[in-house]
Amino acid sequence: MAASIGRYVPGSSPLHRADPRVKTLAVAVAMAATFLVATPAQALLALGAFLGLCAMARTSPLRCLRTCLPVVAALVLVSCLNLLVTRTGPVVWSLGPLSVTEGGVDWAALYSVRLTLLVLTGSLLLSTTTPTELTGAFSSLLSPLARLGVPVGPLALVLSLALRFVPTLGDELEGVREAQEARGGDLGRGGPVRRVRALASVLVPALTGALRHAQGLSLALEARGYDPTRPRTVWRRPKVRGADVALAVACAVYLAVLLAAGRLG
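Residues numbered from 1 in each chain as written. Predicted model: local features only at pLDDT ≥ 70, side-chain atom pairs only at ≥ 80, totals over all residues. Heavy atoms only, no water.

Asks: Just checking my understanding: could you explain helix 8 (residues 152–182) for this structure?
Replies: Given 3.6 residues per helical turn, the α-helix brings residues three or four places apart onto the same face. Taking 1.5 Å of rise per residue, 31 residues should cover 45 Å, and helix 8 covers 45 Å from first to last C-alpha, within 8% of that figure. The axis of helix 8 is deflected most strongly, by about 30 degrees, at Val166, and proline Pro167 appears within four residues downstream. Inspection of helix 8 places Val152, Ala156, Leu157, Ser160, Arg164, Pro167, Glu172 and Val176 among the buried residues, and these make up the whole buried set. (Helix = DSSP H or I, 4+ residues; strand = E, 2+ residues; numbered from the N terminus. Expected span 1.5 Å × (residues − 1). Bend = angle between axes of the 7 residues up to and from the residue. Buried < 20%, exposed > 50% of the residue type's maximum accessible area, 1.4 Å probe, protein only.)

What follows is the structure in structure tokens.
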């Protein structure tokens, strides 16, 4: 089965062995920090952080890009809308009522870099952390909210299941697309209207499959006696080791350097 975004890949790399709580927090900080990127120096720092995480996960950056390519391509396409809506700076290209300015080019490039690094960094967390570890990490990190009456356990389970449904839905879409092509359907030809109609023939069965998976999941949870009102138990409690502390310190240093680079401009 081809690798897809959100699918866990078994391994024994340092990032696989890291404490799920520290790893989740570090990756979340790295993902949030991508929105601080505003200069070429900060972009290089963010790229360096991503490459460092790839080295820890013992995976190729190109492999991450291949697994995330459909999502990255869609986000880059959306980012390129800045070319048409931003009207700052001198005009670099025009055609009738349409024009592209330097400001539009800058913003399109900036958001493309931000969103690409955001998706690639998040994919590393999902590919090196099991669903059980993600649920435990979310539950632990969100535990302070329990004092405010927030149902932390069910919320953590919903978050982890939502992330884990990403590869499942991807497989569902791919299966429907292959079935349509096997029946003689051509989804890649014709004008925009025809392509939208062809897309509907894929999305409707995929949505039906997603609802079927959701129903099966609810039945599985019920059959296993899942009760959201009872406290969650674990077989093996994770322990923070020296490597985890080093990862947290490196994340804090990266954030400080990124902020300093932004101030220096």
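Next, the rest of the story.
Asks: Any chance you could explain empty space enclosed by the protein here in plain terms?
Replies: The gaps left among the atoms become clear once a water-sized probe is rolled over them. One pass over the full model with this rule turns up two cavities of 30 Å³ or more. The computed volume of the second largest cavity comes to approximately 50 Å³. As for the second largest cavity, its lining consists of Ala30, Thr34, Ala46, Ala49, Phe50, Leu53, Leu117, Thr121 and Tyr254. Contributions of two or more residues to the lining of the second largest cavity are made by helix 3 (40–57) and helix 6 (102–128). (1 Å grid on protein atoms, 1.4 Å probe; cavity = no way out; pocket = protein on both sides within 12 Å on 5 of 7 lines; lining within 4 Å. Points joined across faces, edges and corners; volume = space filled by probe spheres on them.)

Asks: It is not clear to me how the pattern of salt bridges should be interpreted in this structure. Could you clarify?
Replies: Close approach of charged atoms lets side chains of opposite charge pair. Taken as a whole and assessed by the stated rule, the structure comprises two salt bridges. As a salt-bridge pair, Asp19 and Arg21 come within 2.8 Å of each other at their nearest N and O atoms. Its relative accessible area of 2% is what places Asp19 among the buried residues. In this structure, Asp244 and Arg241 form a salt bridge, with 3.9 Å as the shortest nitrogen-oxygen distance. (Salt bridge = Lys/Arg side-chain N within 4 Å of Asp/Glu carboxyl O.)

Asks: Can you walk me through a nonpolar patch on the surface in this structure?
Replies: A cluster of nonpolar side chains, namely Leu84, Val85, Val92, Trp93, Leu95, Leu98 and Val105, defines an oily patch on the protein surface of about 640 Å² accessible area. In terms of residues, the nonpolar patch owes the most to one element, strand 1 (residues 91–95), which gives three residues. Among the secondary structure elements, Val92 is positioned in strand 1. (Patch = residues over 30% accessible without salt bridge, like charges linked within 9 Å, V, L, I, M, F, W, Y side chains within 5 Å. Areas by Shrake-Rupley, 256 points an atom, 1.4 Å probe, with all protein chains shown as cover.)

Asks: I would appreciate a short explanation of the environment of Cys64 in the present structure.
Replies: Secondary-structure assignment places Cys64 in helix 4 (residues 61–79). As a C-alpha pair, Cys64 and Ser127 span 63 residues in sequence and 9.4 Å in three-dimensional space. Excluding residues that lie within four positions of it along the chain, Cys64 makes contacts with Phe50, Cys54, Thr59, Leu120, Ser123 and Leu124. (Contact = heavy atoms within 4.5 Å.)

Asks: Whenever I open this one, the nonpolar core confuses me. Can you help?
Replies: Soluble, globular proteins show a tendency: their nonpolar side chains are buried together. Phe50, Cys64 and Leu124 are the most contacted members of the largest nonpolar core, which totals 19 residues. Secondary-structure elements contributing two or more residues to this core are helix 3, helix 4, helix 6 and helix 10 (242–264). When residues in this core are grouped by element, the largest group, six residues, is from helix 3. Sequence-distant contacts of Phe50, that is, excluding residues within four places in its chain, are made with Pro61, Cys64, Leu117, Leu120, Thr121 and Leu124. In terms of nonpolar packing, the next biggest core, distinct from the first, is built from six residues, Leu125, Leu126, Leu134 and Ala156 among them. (Core = buried A, V, L, I, M, F, W, Y, C linked by side-chain atoms within 4.5 Å.)

Asks: Got a minute to help me understand the state of the cysteines in this structure?
Replies: Formally, a disulfide is one covalent bond, and it connects the sulfur atom of one cysteine to the sulfur atom of another. Enumeration over the complete set of coordinates arrives at zero disulfides. No disulfide involves Cys251; its sulfur sits 15 Å from that of Cys54, the nearest cysteine. Cys251 sits in the buried class, given a relative accessible area of 14%. (Disulfide = S-S within 2.5 Å.)

Asks: Help me understand the packing of helix 2 (residues 20–33) against helix 6 in this model?
Replies: Between two packed helices, both the angle of their axes relative to each other and the distance between the axes serve to describe the pair. The interhelical angle for the contact between helix 2 and helix 6, taken along N-to-C directions, is 170 degrees, at an axis separation of 9 Å. The angle between the axes of helix 2 and helix 6 places the two elements in the roughly antiparallel class. Counted together, Lys23, Thr24, Val27, Ala30 and Met31 of helix 2 and Leu118, Thr121, Gly122, Leu125 and Thr128 of helix 6 form the full contact between these two elements. A per-class count over the contact of helix 2 with helix 6 returns five nonpolar, four polar and one charged. (Axes fitted to C-alpha atoms, helices over the stretch in contact; angles between N-to-C directions. Parallel < 35°, antiparallel > 145°, perpendicular 65-115°, else oblique. Nonpolar A, V, L, I, M, F, W, Y, C, P; charged D, E, K, R; others polar.)

Asks: In this structure, what is going on with the environment of Thr130? I would like to understand it.
Replies: Its place among the elements puts Thr130 in the loop between helix 6 and helix 7 (131–141). Every residue in contact with Thr130, bar those within four places of it in the chain, is listed here: Tyr8 and Arg164.

Asks: Could you clarify how one ought to interpret the pairing of strand 2 (residues 98–101) in this entry?
Replies: Successive residues of a regular strand alternate their side chains across the two faces of the sheet. Looking at chain direction, strand 1 and strand 2 are connected through four bridges and run antiparallel. Each residue of the ladder has a partner; that of Val91, found in strand 2, is Thr101. Counted between consecutive antiparallel strands, the loop separating strand 1 from strand 2 contains two residues, among which Gly96 sits at a positive phi close to 65 degrees. (Pairing = 2+ DSSP bridges.)

Asks: Hey, could you run me through the side chain of Thr121 in this one?
Replies: Topologically, Thr121 is positioned in helix 6. Given a relative accessible area of 4%, Thr121 falls into the buried group. Of the polar contacts made by the side chain of Thr121, one reaches the backbone oxygen of Leu117; its length is 2.7 Å. For Thr121, the residues in contact, after removing those within four places along its chain, are Val27, Ala30, Met31, Phe50 and Leu53. (Polar contact = N/O pair within 3.5 Å; in protein donor to acceptor, adjacent residues only side chain to side chain.)

By themselves, these observations are geometric and do not establish any function.
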